[in-house]
Amino acid sequence: MTTAFSTKEITAKIDKKLAGSITSLDVNILLVEKDSLVELLAYLKNTPGLDFDYLVDITAIDYWDYFEVVYQLVSLKNNHKVYIKTRLTGRENLSLTSIVSLYKGADYQEREICDLMGIKFEGHPNLKPLLLWEGFKGYPLRKDYLE
Amino acid sequence: MTLQTEPFVLNMGPFHPSTHGVFRMKVTLDGEVITDLEPVFGYLHRGIEKLCEERTYLGIIPLTDRLDYLASMINNQAYVMGIEKLAGIKVPERAEYIRVIMSELQRIASHLIAVGTFLNDCGAFMTPVVYMIREREKILDLFDMVCGQRLTYNYLRPGGVSMDLPDEFLPALKTFVGQMSVYIDEYDRLLKENEILLARTRGVGILTKDMAVNSSASGPVLRGSGVKWDIRKADAYSIYDRFDFDIPTGENGDCYDRYRVRMEEMRQSVRIIKQAAEKIPAGPVMANQIPRLIRPPAGETYSHVEAPKGELGFYLVSDGSIAPYRCRIRGPSLINLTALREMSIGWKVADLMVIFGSIDICLAEVDR
Amino acid sequence: MEINSFDNIETCSVSANDTDRIEGEVIEELKARSQQPIPDPVQWMQEQGKGGLFLTKLDDILSWARKSSMWPGVCFTACCAFEFITAEASRFDMSRFGMEIVRASPRQADLMITAGTLTWKTAPKIKRIYDQMAEPKWVIAMGTCAISGGIFASSYNVVPGYNRIIPVDVYIPGCPPRPEALIRGIQMLHEKVAKGTLNKG
């Protein structure tokens, strides 16, 4: 069975500079500030013992005050899983750093979030609309999208 | 004297006889060799995720049927497991056995079409497809007996299944299972050592292990590259831990390995169905007192299953009302396509259709 | 038959990057002018038995020839495509109606069986394929998504029925319709063709 990787171990092992921006929400759910996101993910991927080498899914959810982006990471060797969340406040000019350089599987998922939710990813090699066409007005998956 | 050439962009448009649906690719060619590839999606984007926010939990089950329409029972199961996790519903034993039998029958039906159309793309024009559709019709007759539909079933519910099996189902299932192994042997006799198939698929479109894991591939694409990862064993759901089955893997990650993995998975599915049909108990098929307008408590959950095409997952966010707040669908076909560009650079246009057919996508799941 | 406004010579020499922008403009323009459904072609119901004896006999022979060897064109979008493929296979054999060969090129097809949901992004391409087919040509709308948008009708990207874009001759309901229902729909189209005249053209 895939075990839920306890986040207490991550916060215990992590470097001092990241410690201020991470909070633990549940057993295996970590909330991180958007500026420390890429560093945390690189740490999770490259540290032996953690080995989170497989990105399962990136999800974006629109709670009216803020947007939440959830990354799910799994380690195939050790069979454990962790959820990393980050929040973006406001509704205009939202952007995050792209993780395509770490996990190639994030390519199409980030394009889809940019297309349907309006969150841009800096550093993405090809941020064109994935499912809709150029010139489509609005972001359909937002809660305030009216046809 | 050198010949002056320049690159040429070819559009393999949305309506093409070999692409499995409306899929478009912009291929940059140098002569006949591919140097770059850009897929274009969205021609079947129906906005299912947005529609899910406007319907009740039970009303979404027909929408999930139409995601990967060749594996409807398994899509239903992935979604319904999410609701059961949120609301803490326990499914009775007989319903679990019925779900396993239906999922494995559905896996065989989906792999038959996958292998048949793959061979169609390789050049065996219609013969393998017609043979495999003959078997698939027997499976569809079994489904017709249970729920009245051939393609989109809407059979599973949170808490069990909607109707019990009729009396003639189990004898018909035993007859089918007895015949299926003979048919798979017949396909192997015709295809496994076939010279043309080996020449067209051995060594073509290699996906290395590291690339497969980094591109988040799943299903036969990942297992063909040698990674032994199957959700039914790694994170066993339903009652899969009670059955005895193997996970076939490939060695090189080429098209031939992916095709062999699918054929072997069909044999393992037949094995699981035989075990389940012997041990199925009597009892109720639906948990007690599940309301029609189900309101799971607020929270979020991710439920995943091993679909024939890969890992299908539903990320459900509930706020306590009759409709989900957000229903995100992790479709395996879109994510398996991340590696298409790397797999096809350096090959010719004719090989491109073989590589694309071996990934086995379903457009409705890519575009949702 | 109108000439599409985007079939200009200038668009043949654009760079690969501009094609996406032009595609977007074409889709928005088609969406703006397809707000009403196209009326169904029903003139054939009033035009039976007109013309002299020689023309009627010639009509009969031509209609028999047309209905016995209709070749469907490829238009497989979604789930109904699989019921069409099963209808072509050995159990519900469609080659007994002369429809075994599914032509990939629209120039060689007479019949367009629209199997699947139509989205606004695909709509200009369907219009282009329909325009490339040679007369006489017929369209069968298969499934509820093709008739009215079906279960997805309230979505932002789904066209509510193929008859917004092209005229439709026969509607077959079902989600998906069984292969027997598809064959019955094709037989209804054969009855319509049998009553056609040279006057229709």
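These numbers come from a predicted model, not from an experiment. (Residues numbered from 1 in each chain as written. Chains lettered and ligands numbered in written order. Predicted model: local features only at pLDDT ≥ 70, side-chain atom pairs only at ≥ 80, totals over all residues.)

## A short note on the interface of chain B and chain C
Here is step 1: Listed as interface residues are 28 residues of chain B and, on the opposing side, 30 residues of chain C.
Here is step 2: For the side of chain B that touches chain C, the elements supplying multiple residues, two or more each, are helix 1 (48-52), helix 2 (61-65) and helix 5 (127-147) of chain B. (Contact = placed C-beta atoms within 7 Å. Helix = DSSP H or I, 4+ residues; strand = E, 2+ residues; numbered from the N terminus.)

## Remarks on the sheet that holds strand 3 (residues 138-142) of chain C
All names here are of chain C.
Here is step 1: An order of 1-2-3-4 is seen for the four strands of this open sheet, with the pairing classed as parallel. Each of the sheet's edge strands pairs with one partner strand only, and the pair in question is strand 1 (72-73) and strand 4 (170-172).
Here is step 2: One ladder, built from two bridges, connects strand 1 with strand 2 (residues 111-115); its direction is parallel. Bridge assignment links Gly 73 to a residue of strand 2, and that residue is Met 112. (Pairing = 2+ DSSP bridges.)

## Regarding the interface of chain A and chain B
Here is step 1: If you look at the interface, chain A gives 22 residues, while chain B gives 26 residues.
Here is step 2: Among the elements of the structure, strand 4 (54-63) and helix 3 (106-117) of chain A are those that each provide at least two residues to the side of chain A that touches chain B.
Here is step 3: Counting residues per element, the side of chain A that touches chain B draws most heavily on strand 4 of chain A, which supplies six residues.
Here is step 4: When its residues are assigned to classes, the side of chain A that touches chain B shows 13 nonpolar, five polar and four charged. (Nonpolar A, V, L, I, M, F, W, Y, C, P; charged D, E, K, R; others polar.)

## Section: the packing of helix 4 (residues 93-122) of chain B against helix 14 (residues 349-359) of chain B
All names here are of chain B.
Here is step 1: Relative to each other, helix 4 and helix 14 sit at 180 degrees, their axes nearing to 9 Å. The angle between the axes of helix 4 and helix 14 places the two elements in the roughly antiparallel class. Where helix 4 abuts helix 14, its residues Thr 117, Phe 118, Asp 121 and Cys 122 lie against Met 353, Val 354, Gly 357 and Ser 358.
Here is step 2: Looking at the contact of helix 4 with helix 14 residue by residue, the classes come out as four nonpolar, three polar and one charged. (Axes fitted to C-alpha atoms, helices over the stretch in contact; angles between N-to-C directions. Parallel < 35°, antiparallel > 145°, perpendicular 65-115°, else oblique.)

## Quick look at the pairing of strand 7 (residues 94-97) of chain A
Residues and elements named next belong to chain A.
Here is step 1: Here strand 7 shows a buried face lined by Leu 94 and Leu 96 and an unburied face lined by Ser 95 and Thr 97.
Here is step 2: Of the pairings in the sheet, the one linking strand 7 to strand 8 (residues 119-122) comprises four bridges and is parallel in character. Bridge pairing in strand 8 links Ser 95 to Lys 120.
Here is step 3: With respect to chirality, the unit in which strand 7 leads through helix 3 into the neighbouring parallel strand 8 is right-handed. (Buried ≥ 20, exposed ≤ 12 C-beta atoms within 10 Å, placed from the backbone. Right-handed = clockwise from strand over helix to strand, strands pointing away.)

## Quick notes on the nonpolar core
Here is step 1: Ranked by size, the top nonpolar core spans 187 residues in total, and within it A:Leu73, A:Ile84, C:Ile140, C:Ala141 and C:Met142 carry the most contacts.
Here is step 2: In terms of residue count, the dominant contributor to this core is helix 4 of chain B (16 residues).
Here is step 3: The contacts of C:Ile140, once residues within four sequence positions are left out, are C:Leu111, C:Ile113, C:Asp169, C:Val170, C:Ile172, C:Gly185 and C:Leu189. (Core = buried A, V, L, I, M, F, W, Y, C linked by C-beta atoms within 7 Å.)

## Here we look at the environment of B:Val40
Residues and elements named next belong to chain B.
Here is step 1: Within the element layout of this structure, Val 40 appears in strand 3 (residues 33-40).
Here is step 2: Sequence-wise, Val 40 and Arg 262 are 222 residues apart; in three dimensions their C-alpha atoms are separated by 27 Å.
Here is step 3: Setting aside chain neighbours within four positions, we find Val 40 in contact with Arg 24 and Lys 26.

## Topic: unusual backbone geometry
Here is step 1: Looking along the chain, the bond that leaves C:Glu135 and enters C:Pro136 is cis, with omega of -10 degrees.
Here is step 2: Here C:Pro136 shows up in the loop between helix 4 (123-132) and strand 3.
Here is step 3: The residue after C:Cys175, namely C:Pro176, is reached through a cis peptide bond having omega -10 degrees.
Here is step 4: Tracing the backbone through its elements, the reader meets C:Pro176 in the loop between strand 4 and helix 6 (179-194).
Here is step 5: Backbone geometry places B:Asn154, a non-glycine residue, at a positive phi of 55 degrees.

## Here we look at the environment of B:Arg292
Here is step 1: Within the fold, B:Arg292 resides in the loop between helix 11 (255-279) and strand 6 (299-307).
Here is step 2: C-alpha separation for the pair B:Arg292 and B:Pro158, spaced 134 residues apart in sequence, amounts to 9.9 Å.

## Digging into the pairing of strand 5 (residues 66-75) of chain A
Remark: a regular strand shows side chains that alternate across the two faces of the sheet.
All names here are of chain A.
Here is step 1: The element strand 5 is largely enclosed, with a buried count of seven among its 10 residues.
Here is step 2: Where strand 4 lies against strand 5, nine bridges are found, and the strand directions are antiparallel. Note on strand 5: the bridge partner recorded for Ile 61 is Glu 68.
Here is step 3: The antiparallel hairpin formed by strand 4 and strand 5 contains two residues in its connecting segment.

Take it as geometry only, folks, not as evidence of what the structure does.
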